[in-house]
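Read off the chains here:
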Amino acid sequence: MPALHLLQEDHQGAPPAFHLLAKPTGAVCNLDCSYCFFLSKEMLYPGSRFRMADELLEAYLRQLIEAHERVAEVTIAWQGGEPTLMGVEFFRRSVELADRYLKPGQRAVYTIQTNGTLLDEEWAAFFKENDFLVGISIDGPRELHDAYRVNKGGKGSFDQVMRGLGFLQAASVEWNALTTIHDANAEHGREVYRFLRDDLGAQFIQFIPIIERVSEAEADGSVPWSSWRDRPLYVQEGERVTGRSVSAEQYGRFLIDVFEEWVRRDVGTVYVQMFDVALANWVGEPPSLCVHSETCGLALALEHTGDLYSCDHFVEPKHKLGNIRMTHMLELVDSPQQRQFGLDKRETLPMGALLAQNRAPAEIMTQYASADAARGRNDPCTCGSGRKWKRCHGAGDFAEPIG
């Protein structure tokens, strides 16, 4: 690995800051949530103990801080799997190491995403002492949360999550709610929002749509497996979605129902991430959520082995950048592979390709018409609804037989 000053000279064009989710337990979790695609990532590391080694922890924090030498705040973010399986002492050590490597004038900002089931007074005291922002995964009231967020025995985790959250609240730990939207809670936007706001006292809320993109689904969304542990490694491929997935119409209606409640009484007191992002886009501010950005590539994932991936949603072999044991993190973040990954969002979209060629965006309709003409009436619809083309967006192109 080259000397740091030489590395920094070679990567003057590297981003001054980026977001990195570190996964100290990899995909290992004490829950078995049915829709959690990341559970299948265990298959990437057969035989692994799924625990980040002490020497790798130190290398990770040192390199992360070195890569952010031009900024005053360094975000140290933990996720999983379930990161609290590492135990409190692992994170105490991480804080000590960060303090050792922070430059004068720099400070660390700590975040952790957890299912909350393992939290107790010791965890809460540690989070409070070190100003952690704790994300709690909660999908709504008991019957909605327990639909898919279950333990290894298939039983709901609601009571354990509420217990863990209670410890955070008793210690005045800053926390936010992360709620996934799926077929079980998609029709209950107002109920979910009111539960988060009134029953839990949540002031910061993120809504994440569950879209399980697969090739195995039948027209009704059914699949030959019940959870991701029962099927091959999940990758971003396939033209169908599972029955658990939220449809575009459901997700839109969910957000509308939440907005109609929020806008009448909670503006300025409850912060819903999607609404903040929409407002920022409206007034011309840079999006704080990567999916709303023109390009991406600044939200990476670090596995427990030191493998660095282009994105948390693309932890798969073709998007592995390298390993920070062998190559400095800064070099990987500024690599041609990662820069192209970020540009692909803009350059490989059909409209983006047309604009790059100084052609009219309306030409995309001709491209779609050509593809649709070759599409079979019983093929899956391109919208991902799981319905047949003839019964969805291709309905106007086929005359259904009478009788």
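Per chain, the residues get numbers from 1 upward, laid out in the order the sequence is written. Residue-level local features of this predicted model are given only where pLDDT is at least 70; pairs of side-chain atoms are given and counted only at 80 or more, and the full residue set underlies all totals for whole chains, interfaces and linings. By convention in this description, side-chain values take in all heavy atoms of the structure and omit both hydrogens and water.

A. Structural detail: the side chain of Gln-79. Along the chain, the position of Gln-79 falls in the loop between strand S2 (73–78) and helix H3 (88–101). Exposure categories follow from relative accessible area, calculated using a 1.4 Å probe and restricted to protein chains: below 20% of the type maximum is buried, above 50% is exposed, and the middle band is partly exposed. Exposure remark for Gln-79: the relative accessible area of 17% places this residue in the buried category. Any N or O atom pair separated by 3.5 Å or less is treated as a polar contact, with the protein-specific requirement of one donor-capable and one acceptor-capable atom, and with residues adjacent in sequence counted only for side-chain atom pairs. Within the local environment of Gln-79, its side chain forms a polar contact with the side chain of Lys-23, the two groups lying 2.8 Å apart. Under the scheme used here, helices are H or I runs from DSSP no shorter than 4 residues and strands are E runs no shorter than 2 residues, and both carry numbers assigned from the N terminus.

B. Spotlight on the nonpolar core. In this structure, Tyr-60, Ile-76, Trp-78, Phe-127, Leu-168, Leu-196 and Phe-207 are the most contacted members of the largest nonpolar core, which totals 76 residues. Broken down by element, the residue count for this core peaks at 7 residues, all from helix H2 (residues 54–67). Whether two residues are in contact is decided by their heavy atoms: any pair within 4.5 Å suffices. Aside from chain neighbours lying at most four places away, what touches Leu-196 is Ile-138, Ala-177, Thr-179, Gly-201, Ala-202, Ile-205 and Phe-207. Throughout this description, the term nonpolar core refers to a set of buried Ala, Val, Leu, Ile, Met, Phe, Trp, Tyr and Cys residues connected via side-chain atoms within 4.5 Å. In terms of nonpolar packing, the next biggest core, distinct from the first, is built from 13 residues, Ala-27, Tyr-45, Trp-228 and Val-315 among them.

C. Structural view of the packing of aromatic side chains. Working definition: a ring pair exists when centres of Phe, Tyr or Trp rings (six-membered ring for Trp) sit within 6.5 Å. Plane angles under 30 degrees give stacked, over 60 give edge-to-face, the rest tilted. Counted by the stated rule, this structure contains 20 aromatic pairs. On the basis of an interplanar angle of 85° and a centroid distance of 5.1 Å, the ring pair of Phe-90 and Phe-91 is categorised as edge-to-face. Neither Phe-90 nor Phe-91 differs from the other in exposure class; each is buried. A centroid spacing of 4.9 Å and a plane angle of 10° characterise the contact between Tyr-110 and Phe-132, whose relative ring orientation is stacked. Of this pair, Tyr-110 sits in strand S3 (residues 107–114) while Phe-132 sits in the loop between helix H4 (121–129) and strand S4 (133–137); the two residues are 22 residues apart in sequence, bridging distant segments of the chain. For Tyr-110, a relative accessible area of 6% translates into the label buried. Looking at Phe-132, the relative accessible area reads 2%, which means it is buried. Our definition puts a charge over a ring when NZ of Lys or CZ of Arg is within 6 Å of the ring centre and also within 35 degrees of the ring normal. Lying across the ring of Tyr-148, Arg-244 places its NZ or CZ 6.0 Å from the centre.

D. Up close: the sheet that holds strand S5 (residues 175–181). The sheet built from 10 strands is open, its strands ordered S9-S6-S5-S4-S3-S2-S1-S10-S11-S12 with mixed pairing. Both edges of this open sheet fall to strand S9 (271–272) and strand S12 (320–323), since each of them pairs with a single strand only. Should DSSP find at least two bridges between two strands, the strands are taken to pair. Pairing of strand S1 (residues 19–22) with strand S10 (residues 299–302) involves 4 bridges; the strand directions are parallel. Looking at S10, one finds that Leu-20 is bridged to Leu-300. This element, helix H6 (residues 158–170), spans S4 and S5 of the sheet and lies at about 160° to S4. Interaxial angle, 0 to 180 degrees, is taken between N-to-C directions of lines fitted to C-alpha atoms, where a helix line uses only the stretch in contact.

E. Representation of the pairing of S4. Counting buried positions along S4 gives 4 out of 5 residues, so the element sits mostly inside the fold. Handedness rule for crossovers: strands pointing away from the viewer, path from the first strand over the helix to the second running clockwise, crossover right-handed. Once the chain exits S3 it traverses H4 before rejoining the sheet at S4, and the crossover so formed is right-handed.

F. Expanded view of the pairing of S3. S3 sits mainly inside the fold: 6 of its 8 residues count as buried. One ladder, built from 4 bridges, connects S3 with S4; its direction is parallel. Across the sheet, residue Ile-112 finds its bridge partner in S4, namely Val-134.

G. Seen up close, a nonpolar patch on the surface. To count toward a patch, a residue needs a relative accessible area over 30% and no salt bridge; like charges are then connected within 9 Å, while nonpolar side chains (Val, Leu, Ile, Met, Phe, Trp, Tyr) are connected within 5 Å. In this description, accessible areas are obtained by the Shrake-Rupley approach with a 1.4 Å probe, and a residue is regarded as covered only by the protein chains that are shown. By definition, a salt bridge exists where a carboxyl oxygen of Asp or Glu is found within 4 Å of a side-chain nitrogen of Lys or Arg. Side chains of Phe-259, Val-263 and Val-267 sit close together on the surface and give an oily, nonpolar patch of about 230 Å² of accessible area. Note that Val-263 resides in helix H8 (residues 248–265).

H. Summary view of the pattern of salt bridges. Under the definition given, this model contains 21 salt bridges. The salt bridge partner of Glu-261 is Arg-197, with a shortest N-O separation of 3.2 Å. Of this pair, Glu-261 sits in helix H8 while Arg-197 sits in helix H7 (residues 189–199), placing them 64 residues apart in sequence. You can call Glu-261 buried: its relative accessible area is 11%. What emerges from the salt-bridge pattern is a single network uniting Arg-194, Arg-197, Asp-198, Glu-261, Arg-265 and Asp-266.

I. Expanded view of unusual backbone geometry. Gly-80 connects to Gly-81 through a cis peptide bond whose omega is 10°. Here Gly-81 shows up in the loop between S2 and H3. Although it is not a glycine, Asp-131 adopts a positive phi angle of roughly 55°. Even without glycine at this site, Ser-172 takes up a positive phi of about 60°. Tracing the backbone shows Ser-172 in the loop between H6 and S5.

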